[in-house]
Amino acid sequence: MGHIKYASDVGAPVEVAFTYTDNHLFVPDWMFAVAAFEPNGELDQGFGAIFTTRIRLGAWRPTIECEITEYRRNVVIGYTLRGRLSGTLTLRFDPLGYGRSVLTSEAEYAPPSGLFGRLCLGLVDSAVRSALRRTESQLRREIEEFHGTDLVGRIA
């Protein structure tokens, strides 16, 4: 199992960062290669919520299922991807001081199998690292932008 972890500080309190991340309408804005993220059932947030996720990677546009498999308000959201792309993305939120928080992004994925897969392992690992870094960086920017608006009762 491949495992990648990044951490960065965010210029917003944990409550604001988690509220933004927990809203499924914003997921395509920050998650790398996600074109659409739509609820598949009655739940649209929290543990057990399932989403139909359309991916956009160049000319390849698969639809996969994404389930929230770990959820504690203002602490952690864990997404599990199932389909042609599979793995987990876990986002943890920790307070860092007044008006700041730490966002820790972790990805786990199954390495490619077979002879060709083993030959491409370095390429796959590099691609996943890049995707996680882009996701984490974009999420941090989006949270800070969200925090700077009056959407959470604050005026920039």
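Every chain is numbered independently, its residues counted from 1 as its sequence is written. Reporting in this predicted model follows two pLDDT cut-offs: at least 70 for local features of residues, and 80 or more for side-chain atom pairs to be given and counted; totals over whole chains, interfaces and linings ignore these cut-offs and use all residues. As a rule here, side-chain values come from all non-hydrogen atoms in the structure, and water together with hydrogens is ignored.

**Student:** Sorry if this is basic, but what is going on with the packing of aromatic side chains here?
**Tutor:** Here a ring pair, both rings aromatic, is described through the centre-centre distance and the interplanar angle of the planes. Between rings of Phe, Tyr and Trp, where Trp is taken as its six-membered ring, a pair exists when centres lie within 6.5 Å; planes separated by under 30 degrees are stacked, by over 60 edge-to-face, and by other angles tilted. Applying the stated criterion across every chain, the model contains 8 aromatic pairs. Look at Phe18 and Tyr71: their rings are 5.6 Å apart centre to centre, the planes differ by 65°, and that puts the pair in the edge-to-face class. With a gap of 53 residues between them, Phe18 in helix α1 (residues 14-22) and Tyr71 in strand β4 (residues 63-72) connect regions that are remote in the sequence. Centre to centre, the rings of Phe37 and Tyr79 are 6.2 Å apart; their planes meet at 80°, and the pair counts as edge-to-face. Taken together, the residues Phe37 in strand β2 (residues 34-39) and Tyr79 in strand β5 (residues 76-82) connect sequence positions 42 residues apart. Phe37 gets classed as buried once you look at its relative accessible area, which sits at 5%. A connected cluster of aromatic rings, assembled from ring pairs, spans Trp30, Phe37, Phe51 and Tyr79. Elements are defined by DSSP. Helices are runs of H or I of four residues or more, strands are runs of E of two residues or more, and each kind is numbered from the N terminus. Exposure classes here rest on a 1.4 Å probe applied to the protein chains alone. A residue is buried below 20% of its type maximum, exposed above 50%, and partly exposed in between.

**Student:** Would you mind going over the pattern of salt bridges with me for this structure?
**Tutor:** When their charged atoms lie close together, side chains carrying opposite charge are able to pair. Whenever Lys or Arg places a side-chain nitrogen within 4 Å of a carboxyl oxygen from Asp or Glu, that contact is recorded as a salt bridge. Scanning all chains against the criterion turns up 8 salt bridges. A salt bridge links Arg133 to Glu136; the shortest N-O distance between them is 3.1 Å. Taken together, the residues span about one helical turn, with Arg133 and Glu136 both in helix α4 (residues 121-147) at a distance of 3 residues. Arg133 gets classed as partly exposed once you look at its relative accessible area, which sits at 37%. With a relative accessible area of 1%, Glu136 lands in the buried category. If you follow the salt bridges from partner to partner, you end up with Glu70, Arg92 and Glu106 in one network.

**Student:** Even after reading the chapter, I still don't get unusual backbone geometry, so can you show me in this structure?
**Tutor:** Backbone phi values are negative for most residues with the exception of glycine, while trans is the configuration of most peptide bonds. A positive phi angle is found at Ala33, which is not glycine, with a value near 70°. Tracing the backbone shows Ala33 in the loop between α2 (27-30) and β2. We note that Asn74 has phi near 65°; this positive angle belongs to a residue other than glycine. Within the secondary structure, Asn74 is located in the loop between β4 and β5. Its relative accessible area of 24% is what places Asn74 among the partly exposed residues.

**Student:** Can you help me understand the sheet that holds β4 in this one?
**Tutor:** A strand pair is defined by DSSP finding two or more bridges across the two strands. Sheet architecture is open: 7 strands sit in the order β1-β7-β6-β5-β4-β3-β2, paired in antiparallel fashion. Across the chains shown, the open sheet's two edge strands, defined by having one partner strand only, are β1 (2-10) and β2. On average, adjacent strands in this sheet sit at an angle of 20° to one another, irrespective of strand direction. Here 7 bridges tie β4 to β5, and the two strands are oriented antiparallel to one another. Looking across to β5, one finds that Tyr71 is bridged to Ile77. Relative to the sheet, α1 contacts β4, β5, β6 (87-97) and β7 (100-109), its axis offset from that of β6 by approximately 155°. Any two residues whose heavy atoms approach within 4.5 Å are treated as being in contact. In this analysis, axes come from line fits to C-alpha atoms, helices being fitted only over the stretch in contact, and the angle between any two N-to-C directions falls in the range 0 to 180 degrees. Along the sheet, α4 contacts β1, β6 and β7; its crossing angle with β1, the most-contacted strand, is approximately 20°.

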